[in-house]
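Inside the fold
Now for the letters of each chain:
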Amino acid sequence: MSSSFLRVMLIAFCALWNLPELVLAKHTGITRRYNFDVKLQKVTRLCQTKSIVTVNGQFPGPRIIARQGDRVLVKVVNHVQNNITIHWHGIRQLRSGWADGPAYVTQCPIQTGQSYVYNFTITGQRGTLFWHAHISWLRATVYGPLVILPKRSVLYPFLQPFKEVPIIFGEWWKADTETIINQAMQTGGAPNVSDAYTINGLPGPLYNCSAKDTFRLKVKPGKTYLLRLINAALNDELFFSIANHSVTVVEVDAVYVKPFKTKTVVITPGQTTNILLKTKSHSPNATFLMAARAYATGPAAFDNSTTAGILEYDRQEHKSSVSNAKNRKPSVLKPALPTFNDTLFAMNFNKKLRSLATTKFPAKVPQTVSRRFFFTVGLGLIQCSRNKACPGPNNTMVGAAINNMSFVQPSTALLQAHFFGKSKGVYTTDFPANPPFKFNYTGTPPSNILLNSGTKVVVLPFNTRVELVLQDTSIIAAESHPLHLHGFNFHVVGQGFGNFDPNKDPANFNLVDPVERNTVGVPSGGWVAIRFRADNPGVGLVYALPPGSSHQLGIEDGLGCHRREASQSKAAPSALRSS
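Residues numbered from 1 in each chain as written. Predicted model: local features only at pLDDT ≥ 70, side-chain atom pairs only at ≥ 80, totals over all residues. Heavy atoms only, no water.

Concerning the sheet that holds strand S3 (residues 48-55)
Overall, mixed pairing links the four strands, which are arranged S3-S2-S5-S7 in an open sheet. Looking at which strands have only one partner, the edges of the open sheet turn out to be S3 and strand S7 (115-121). Sheet twist, expressed as the mean angle between neighbouring strand axes with direction ignored, is 20°. The sheet contact formed by strand S2 (residues 31-45) and S3 spans eight bridges and is antiparallel. Counterpart to Gln41 in the pairing with S3 is Ile52. (Pairing = 2+ DSSP bridges. Helix = DSSP H or I, 4+ residues; strand = E, 2+ residues; numbered from the N terminus. Axes fitted to C-alpha atoms, helices over the stretch in contact; angles between N-to-C directions.)

Structure (structure tokens):
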């Protein structure tokens, strides 16, 4: 994803590395307790040491392992000066909206010296998700895997793997990330790009001073490995490939898909992808780089570096091969990744993703809809106040918007305001369902690109069948916008380049086996159409990265939510905190 300054919010009312953890997870319907101590930890990367915010001193953070049907209790204690919240990315939070985690949406932030217990049950979900901080840019270092195993004695609908390995991508900055985002929020400009990408917290051998900071995956020949890919990067969509190997995609966002083979995976920030890696039948005299680099579409600067891990074969399995090759230095093979702006490859990859659509794993896409929304997603200019100097023309700054509306963060959590019947003065329910005026969205932009602003939501009756078309615009720059929905999965029924045509494009919607997920990329210079049922009277949220504007969508008798990762604010008066 590009690094221009965007954060979109949509509100809806509405391997395992440690064997003992895996053994515990073989039980079902039990309560699992975790303790998260948020504290500073000195970490050295790229020949430079700095203190970062971590959970339990680990980077990346600890793995949450549970089974479908389990109840999860996580006590978070804040030992740092920053406010903190934790979001369980992809967990539906059925009737547990208070546990979702976005600051000033479902809860007030956890202040220094205070604690909060996240309490939720994993209902109807199994697969790979992850957790991360959900305030400001603390998620740059506060994140970790969340692995949900199927119910006991239930097998995967694909070949059972020999081993399961989480692989989590991230970004690393030499500078303090809170300083970077605070500076960017003051000007509306794009934040400084990262200095490196990481695999399981390690940059890899292609960066200076990082040969020892490399993730290594040792495999046996003739075995099948399940790699649980997670993109926890803040800003960038990534291409990922393993040299001289093909993989089979079997799951995205904790939902099984029709398997297909590929040499390269495209993964958006917030997305997860499970792939099967079948190793070679013999141990080759070579090591293979597992590499990831950015897929970027906008004109703004981006981190154009490449992170890499090493796949190496256990040669003790074939001693004769070791003997014949003992005098030869193993070659290092590198994968061929697409060019950084290969939008066509990204689009074709995403079009291959289809739900299983079987009796056991049906595709429950709404065949009819009761509410349609058309949202333009893009940039514009915000008029600054007279007492603030902004770098844009006529004292303006770049902002992000949906339907020309840029979100204003409240000082009271939206869910809190709704629950206590004190929404007046916090938010209004008149967010526009369509752009205020039509224009050639991906062509020549209008002359007036000033944005409106406010804290607005859309209200939906419970169980509404929703169709939402998200349209990229060329205002300032066309770019890809990853979009995540809290509390809900949705079906991606269509996507394309150019302007969405409401008279022609719906005829080509896939209503049979569309992929189901919680995060999708709005194509650069294009559109994507999703459908979902507003059946979760808790908190749901959709946002695109990086930070900027927000929007809320609500369900009657449910709750509203908003997400923003901007500069730190004082925690609102809280009925949601515990200590």
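Remarks on the packing of aromatic side chains
One pass over the full model with this rule turns up 31 aromatic pairs. The interplanar angle of 10° and the centroid separation of 5.0 Å between the aromatic rings of Tyr156 and Phe158 together place this pair among those described as stacked. Side by side, Tyr156 and Phe158 carry an identical accessibility label, which is buried. Feature note: the residues Phe374, Phe437, Phe439, Tyr441, Phe500, Phe509 and Trp527 constitute an aromatic cluster, connected by ring pairs. Sitting over the face of the ring of Trp172, Lys50 holds its NZ or CZ atom 4.8 Å from the ring centroid. (Phe/Tyr/Trp six-rings, centres within 6.5 Å; stacked < 30°, edge-to-face > 60°. Buried < 20%, exposed > 50% of the residue type's maximum accessible area, 1.4 Å probe, protein only. Lys NZ or Arg CZ within 6 Å of the ring centre and 35° of its normal.)

Structural notes on the nonpolar core
In terms of nonpolar packing, the biggest core is built from 80 residues, with Phe169, Leu227 and Leu229 touching the most fellow members. Of all the elements, strand S19 (residues 286-295) adds the most residues to this core, at eight residues. Not counting chain neighbours up to four residues away, the residues in contact with Leu227 comprise Val165, Ile167, Leu217, Ile242, Thr273, Asn274, Ile275 and Leu277. (Core = buried A, V, L, I, M, F, W, Y, C linked by side-chain atoms within 4.5 Å. Contact = heavy atoms within 4.5 Å.)

A short note on unusual backbone geometry
Residue Phe59 is joined to Pro60 through a cis peptide bond whose omega torsion reads -10°. Summarising the element assignment, Pro60 is placed in the loop between S3 and strand S4 (64-67). The phi angle at Asn244 is positive, at roughly 60°, despite the residue not being glycine. On the secondary structure map, Asn244 appears in the loop between strand S14 (237-242) and strand S15 (247-252). We classify Asn244 as exposed; its relative accessible area is 51%. You will see that Asp253, though not glycine, has its phi angle at about 50°, which is positive. Within the secondary structure, Asp253 is located in the loop between S15 and strand S16 (255-262).

Points about the sheet that holds strand S11 (residues 196-199)
Pairing within the open sheet is mixed, and its six strands lie in the order S11-S10-S13-S18-S15-S16. Edge positions in the sheet fall to S11 and S16, since each has one partner strand and no second. For this sheet the average axis-to-axis angle between neighbouring strands, irrespective of direction, equals 25°. In terms of strand pairing, strand S13 (residues 224-231) meets strand S18 (residues 272-278) through seven bridges, oriented antiparallel. Within S18, the residue paired with Thr224 across the bridge is Lys278.

Brief notes about the state of the cysteines
According to the stated counting rule, one finds two disulfides in the structure shown. Here Cys47 pairs with Cys209 through a disulfide, and the sulfurs are 1.8 Å apart. Around the S-S axis, the bridge from Cys47 to Cys209 shows a dihedral of about -105° and counts as left-handed. Of the two residues, Cys47 is situated in the loop between S2 and S3 and Cys209 in the loop between S11 and strand S12 (216-219); the sequence distance between them amounts to 162 residues. For Cys47, a relative accessible area of 53% puts it in the exposed group. On the basis of relative accessibility, which here comes to 46%, the residue Cys209 falls in the partly exposed class. Here Cys384 pairs with Cys390 through a disulfide, and the sulfurs are 1.9 Å apart. Here the disulfide of Cys384 and Cys390 is left-handed, its torsion about the S-S bond being about -100°. In terms of burial, Cys384 and Cys390 fall into one category: buried. When the bonded cysteines of the protein are numbered from the N-terminus onward, they pair as 1-2, 3-4. (Disulfide = S-S within 2.5 Å.)

A word on the layout of surface pockets
In this structure, the largest pocket occupies an estimated 810 Å³ of space. Lining the largest pocket are 31 residues, with Gly124, Pro362, Lys364, Asn489 and Glu516 sitting closest to its centre. The set of elements that each furnish at least two residues to the lining of the largest pocket consists of S16, strand S29 (490-497) and strand S32 (526-534). Of the residues belonging to the lining of the largest pocket, the class tally is 15 nonpolar, seven polar and nine charged. (1 Å grid on protein atoms, 1.4 Å probe; cavity = no way out; pocket = protein on both sides within 12 Å on 5 of 7 lines; lining within 4 Å. Points joined across faces, edges and corners; volume = space filled by probe spheres on them. Nonpolar A, V, L, I, M, F, W, Y, C, P; charged D, E, K, R; others polar.)

Concerning the confidence of the model for the protein
Scored by pLDDT, the protein has a mean of 86; 86% of the residues are at 70 or more. Low pLDDT, under 50, characterises residues 1-27; the predicted model gives this stretch 167 contacts beyond four residues in sequence or across chains. Between residues 545-579, whose pLDDT stays under 50, and residues either more than four places distant or in other chains, the model counts 212 contacts. (pLDDT = per-residue confidence, 0-100.)

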